[in-house]
Amino acid sequence: MLKFNKLGKKEIAEIVTILEQDEEVNCSLPGGGLLHIESGLPYMVVYRRHKERNHLKRIAINEASYLLIGNKDFKKFQKLIIAISDVLSAKYKSFLVLELFLAKSKTKTFKIKGPEDILPSFLKTLKEALDNLGNNASNGHLTSTIENTTKRQPEGKAALLTIGKAKQCGALLVGLEVPPVFYDEKWRFYPVFFREFKDALINAIHKAIFEYIRVQTSCGVQSYQALGRQSLKEKVFEIDRKLSKIERSYKFLWLVSPANIYNIKRTFFESGYHKILKYHYRLLPIDPDILKRNLYNLRIEEVDDPAMSHLFRQKREELDLQISMLSERGTPNFFYNSIRLYGNVDAILHETAKAILTELPEETEREDCPSMDAMEFSAFARKEFAYFKDQNTDFKSKIHLRKDVNIMMVNQGELYIPADYKSCRTEAKALIQHEVGTHVLTYFNGSKQPLEQLSTGLADYDTLQEGIAVMSEYLSGGLTVNRLRILAGRVIAGKALIDGGDFREIFNLLFSQYGFSKEHAFNITSRIMQGGGFLKDIIYLKGLVKLQQYLIDDGDYEQLFAGKFGFHHIHIINELIQRKVLHKGTLKPSYVYEDFYEDRLQKIKNGMSIPKMAIKQTEMSNTA
């Protein structure tokens, strides 16, 4: 950052030179002033420091283009605004100067002060966005008005520019008086309310500025979502790193899975499905109390970027839940927090699961299907790893064969394979794309983003991740009837658990009523009962159902490879990509280059039902 202790002709000329070279301006100015202008933007938000109440500053400095006026040399700041306007209005045909200031008296009305005859669409869009903001009950029924006036500055203050000067330098000056609804009658501040208000106001301003850009300028910005800052502040990266460090300090799925699963299974079968050994869990490598203290010491409230603030608060809540669950393994509280973390089984999901089990009876394993053991699967997985390394030489994930895991899993981008793993070769092909082509791939792609959490996973990322993973099984031609039945069975088991079912009841429901083999029924039941009731398994089918609708709505499938995030983050990820904070993923799975990929994807977009996604034993020879 450049530092200017004075603001004379020389300093202004230096700033102008940087603008003319289409480079980012970032400098401190006299009296606590700040200037930040990213390239390609024909507007600037301005705020004057206040002696007492400066919370609107947090809105201004969130912008990709802003000027914070210091508490001295005001006339020189005026000259700076003229110089900036001269350069950027010539480049973009017009330049908007939007000043934010706080109303002095208690009111619930925004006052938009500007040239209604020159900027009708901008002022109208801003009014509509502010009125919509006021429709939110928590904002207290705010309203807005447009004042077609030449006095567009705070009451009792000099104008940033006279109308004549504004015309000469190509600037359009608009003032926005903000009602002080985030203070009480004694001007005490409401921090939680302000956070929500701030984010909503920034969004409203961006919608209006985009309308101005679209109508009045030659700027190439394609969406209001692209108007946030491209260069995030160090505070954002600091909190991102610390959240990721906390999450990486423990392996959640590893710690909630039983270490004695093989003994549990053998004893249960040998006792005729009656005796259930107590689950034993691995010792915790962390102290939950210390971890939570570190979690809530993070000053997330200081992050002003609405998108990042939202992501961080969500992630803190999720980590809080996970840490609580680790200390509550084997207790009822584990199950209750599991519902909070992964959600309930709603009626639509339950009916979808029952429909799959009704339409698709379990198939006996093919004797003629070539089998694959753990060593062969490991070699198969290495081929996909090599394919990734060809795309990016930084790819260095490893494969682990373990006797103490009961399921295949990916943890922090590395693949863990049960030592006794056996599978039909076609099913193994699908599982490779599930575990490696999705989980390993998105971990690596996320690790190449500037935000570490896109590798560890944003809050509630699992549902979308598992939806992509199951979709990859279909797109690679390996989603079998029995595999789809297992996903449906997990939903049935989850619903039974929520309704109060125990281990034996859930096993018998799957084994006797829904026709699962004893092996499949046990695996589903033992997974849903770990920890004291673990509902993660319902998200596989839930994610597939939601992803199917996303694709029907013409969502971009390959953009989902950019990292680990949730369905409710897609619009934020799109925004951050448009702002050039993030980029699309560098790795792609091998199946997207197969001849059949586009055809299969189009069938999903055309509304093919989920049961029809499964291949039957008679079809497997055509896909193997």
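Each chain has its residues counted from 1, running along the sequence as written. Since the coordinates come from a predicted model, pLDDT governs what is reported: local features require at least 70, and pairs of side-chain atoms require 80 or more to be given and counted, while whole-chain, interface and lining totals use all residues. Neither water nor hydrogens contribute to the side-chain values; these are computed over all heavy atoms in the structure.

A short note on the side chain of Thr 442
Note on placement: Thr 442 falls in helix H15 (residues 425-447). Any N or O atom pair separated by 3.5 Å or less is treated as a polar contact, with the protein-specific requirement of one donor-capable and one acceptor-capable atom, and with residues adjacent in sequence counted only for side-chain atom pairs. Reaching out from Thr 442, the side chain makes a polar contact with the backbone oxygen of Thr 438 at a distance of 2.7 Å. Beyond its immediate stretch of four places on either side in the chain, Thr 442 contacts Leu 454, Gln 465, Leu 560, Phe 561, Gly 563 and Lys 564. Here a strand is any run of E in DSSP of at least two residues, a helix any run of H or I of at least four, and the numbering for each starts at the N terminus. Any two residues whose heavy atoms approach within 4.5 Å at even a single point are treated as in contact.

As for the pairing of strand S3 (residues 33-37)
For S3, the buried fraction is high: 4 of the 5 residues fall into the buried class. Connecting strand S2 (residues 25-29) to the next strand, S3, in antiparallel fashion are 3 residues, including Gly 31 with a positive phi near 70°. Taken together, the 4 bridges between S3 and strand S5 (residues 65-69) define a ladder with antiparallel strand orientation. Across the sheet, Leu 34 pairs through a bridge with Leu 68, a residue of S5. Only protein chains enter the calculation, and the probe is 1.4 Å; a residue is then buried if its accessible area is under 20% of its type maximum, exposed if over 50%, and partly exposed in between. Here the rule is simple: two strands pair whenever DSSP picks up at least two bridges between them.

Focus on the nonpolar core
Soluble globular proteins: nonpolar side chains tend toward being buried together. Residues belong to a common nonpolar core when they are buried Ala, Val, Leu, Ile, Met, Phe, Trp, Tyr or Cys residues joined through side-chain atoms within 4.5 Å. Phe 377, Leu 415, Met 471, Leu 547 and Tyr 557 are the most contacted members of the largest nonpolar core, which has 127 residues in total. Element by element, the count of residues in this core is highest for helix H18 (residues 481-498), at 10 residues. Excluding residues within four positions of it along the chain, Phe 377 makes contact with Met 372, Met 408, Leu 415, Ile 417, Tyr 421, Ala 428, Leu 431 and Ile 432. Core analysis: the next-biggest nonpolar cluster, separate from the first, contains 78 residues, Leu 7, Leu 67, Leu 68 and Leu 160 among them.

Comments concerning empty space enclosed by the protein
Empty space left among the atoms is revealed by rolling a probe the size of a water molecule over them. Buried and open spaces are told apart on a 1 Å grid over the protein atoms alone, a cavity being a set of points where a 1.4 Å probe fits but cannot get out and a pocket being an open set with protein on both sides within 12 Å along at least five of seven lines. Residues with an atom within 4 Å of a point are the lining residues. Grid points are joined across faces, edges and corners, and a volume is the space filled by probe spheres set on the points. Within this structure, the stated rule accounts for 1 cavity of 30 Å³ or more. Its volume calculated, the largest cavity comes out at about 70 Å³. Leu 19, Asp 22, Glu 23, Ile 37, Glu 38, Ser 39, Gly 40, Leu 41, Leu 88, Lys 91 and Tyr 92 together form the lining of the largest cavity. Residue contributions to the lining of the largest cavity peak at 3 residues, all from helix H3 (residues 74-92).

Comments concerning the pattern of salt bridges
Each salt bridge in this description consists of a side-chain nitrogen of Lys or Arg and a carboxyl oxygen of Asp or Glu lying within 4 Å of one another. Counted by the stated rule, this structure contains 31 salt bridges. Between Glu 99 and Arg 48 there is a salt bridge, and its shortest N-O distance comes to 2.5 Å. Of this pair, Glu 99 sits in strand S6 (residues 95-102) while Arg 48 sits in strand S4 (residues 43-48); the two residues are 51 residues apart in sequence, bridging distant segments of the chain. Accessibility assignment for this pair places Glu 99 and Arg 48 in one class, buried. Between Glu 177 and Lys 111 there is a salt bridge; the shortest N-O distance is 4.0 Å. Here Glu 177, found in strand S9 (residues 171-178), pairs with Lys 111, found in strand S7 (residues 109-113); they are 66 residues apart in sequence, far enough to count as distant. Ionic contacts of the salt-bridge type, sharing partners, join the residues Lys 235, Glu 238, Lys 242, Arg 299 and Glu 302 into one network.

Digging into the sheet that holds S4
Reading across from one edge, S1-S2-S3-S5-S4-S6-S9-S7-S8 is the order of the 9 strands in this open sheet, with mixed pairing throughout. Because the sheet does not close on itself, it has two edges, and the strands there are strand S1 (2-3) and strand S8 (143-147). Each of S1, S2 and S3 touches helix H1 (residues 9-20); the most contacted strand, S2, lies at about 165° to it. The convention used is that axes are lines fitted to C-alpha atoms, helices contributing only their stretch in contact, and that angles between N-to-C directions extend from 0 to 180 degrees.

Description of unusual backbone geometry
Despite not being glycine, Asp 22 shows a phi value in the positive range, around 60°. Examined against the element boundaries, Asp 22 turns out to sit in the loop between H1 and S2. Take Asp 22: its relative accessible area is 40%, and that puts it in the partly exposed class. Although it is not a glycine, Lys 93 adopts a positive phi angle of roughly 80°. For Lys 93, the position within the fold is in the loop between H3 and S6. With a relative accessible area of 68%, Lys 93 lands in the exposed category.

What to know about a positive patch on the surface
A surface patch of positive charge is lined by Lys 6, Lys 9, Lys 10, Lys 75, Lys 76, Lys 79 and Lys 165. Among the elements of the structure, H1 and H3 are those that each provide at least two residues to the positive patch. Among the elements that take part in the positive patch, H3 stands out by supplying 3 residues, more than any other. According to the relative accessible area criterion, Lys 75 is exposed, its value standing at 65%. In this analysis, a patch consists of residues with relative accessible area above 30% that form no salt bridge, clustered at 9 Å for like charges and at 5 Å for the nonpolar side chains Val, Leu, Ile, Met, Phe, Trp and Tyr. Areas reported as accessible are Shrake-Rupley estimates using a 1.4 Å probe. Residue values count occlusion only from the protein chains shown. Positive charge is attributed to Lys and Arg, negative charge to Asp and Glu, and no charge count is given to His or to the chain ends. For the purpose of locating charges, the reference atoms are NZ of Lys, CZ of Arg, CG of Asp and CD of Glu.

Quick notes on helix H14 (residues 374-391)
Because an α-helix packs 3.6 residues into every turn, residues spaced three or four apart end up facing the same way. Any helix carries an expected span of 1.5 Å times its number of residues minus one. Here H14 contains 18 residues, and its C-alpha end-to-end distance of 26 Å stays within 8% of the 26 Å for a straight helix at 1.5 Å per residue. The complete set of buried residues in H14 reads Ala 374, Phe 377, Ser 378, Ala 381, Glu 384, Phe 385 and Phe 388. Buried residues in H14, looked at end-on, bunch into an arc of 120°, giving them a common side. Residues of H14 that are exposed and point over 90 degrees away from its buried face: Met 375, Lys 383 and Asp 390. Check the buried side of H14 and you find it contacts strand S10 (371-373), strand S11 (399-402), strand S13 (414-418) and H15. The directions from the helix axis to the C-beta atoms form the arc being described.

Regarding the packing of aromatic side chains
Aromatic pairing here means that ring centres of Phe, Tyr or Trp (its six-membered ring) are within 6.5 Å. Orientation follows from the plane angle: under 30 degrees is stacked, over 60 is edge-to-face, and everything else is tilted. On inspection of all chains with the given rule, the structure shows 34 aromatic pairs. Here the aromatic rings of Phe 335 and Tyr 336 are separated by 5.7 Å at their centres, their planes lie at 50°, and the arrangement is tilted. Here Phe 335 falls in the buried class, since its relative accessible area comes to 11%. Exposure remark for Tyr 336: the relative accessible area of 49% places this residue in the partly exposed category. With centroids separated by 5.5 Å and ring planes inclined at 70°, the aromatic side chains of Phe 395 and Phe 444 adopt a geometry described as edge-to-face. Here Phe 395 is found in the loop between H14 and S11, whereas its partner Phe 444 is found in helix H15, with 49 residues between them in sequence. Summarising the burial analysis for this pair, Phe 395 and Phe 444 share the class buried. Members of the aromatic cluster, connected to one another through ring pairs, are Phe 110, Phe 182, Tyr 183, Trp 187, Phe 189, Phe 193, Phe 194 and Phe 197.

Section: the packing of H18 against helix H21 (residues 539-552)
Where H18 contacts H21, the axes come no closer than 7 Å and their chain directions differ by 110°. As the angle between them shows, H18 and H21 are arranged roughly perpendicular. Two secondary-structure elements touch here, H18 through Leu 484, Leu 487, Ala 488, Arg 490 and Val 491 and H21 through Tyr 540, Leu 541 and Leu 544. Under this grouping Gly is polar, as are all residues other than the nonpolar Ala, Val, Leu, Ile, Met, Phe, Trp, Tyr, Cys and Pro and the charged Asp, Glu, Lys and Arg. Residues that form the contact of H18 with H21 fall into these classes: 7 nonpolar, no polar and 1 charged. Roughly parallel here means an angle under 35 degrees, roughly antiparallel means over 145, roughly perpendicular means 65 to 115, and every remaining angle is called oblique.

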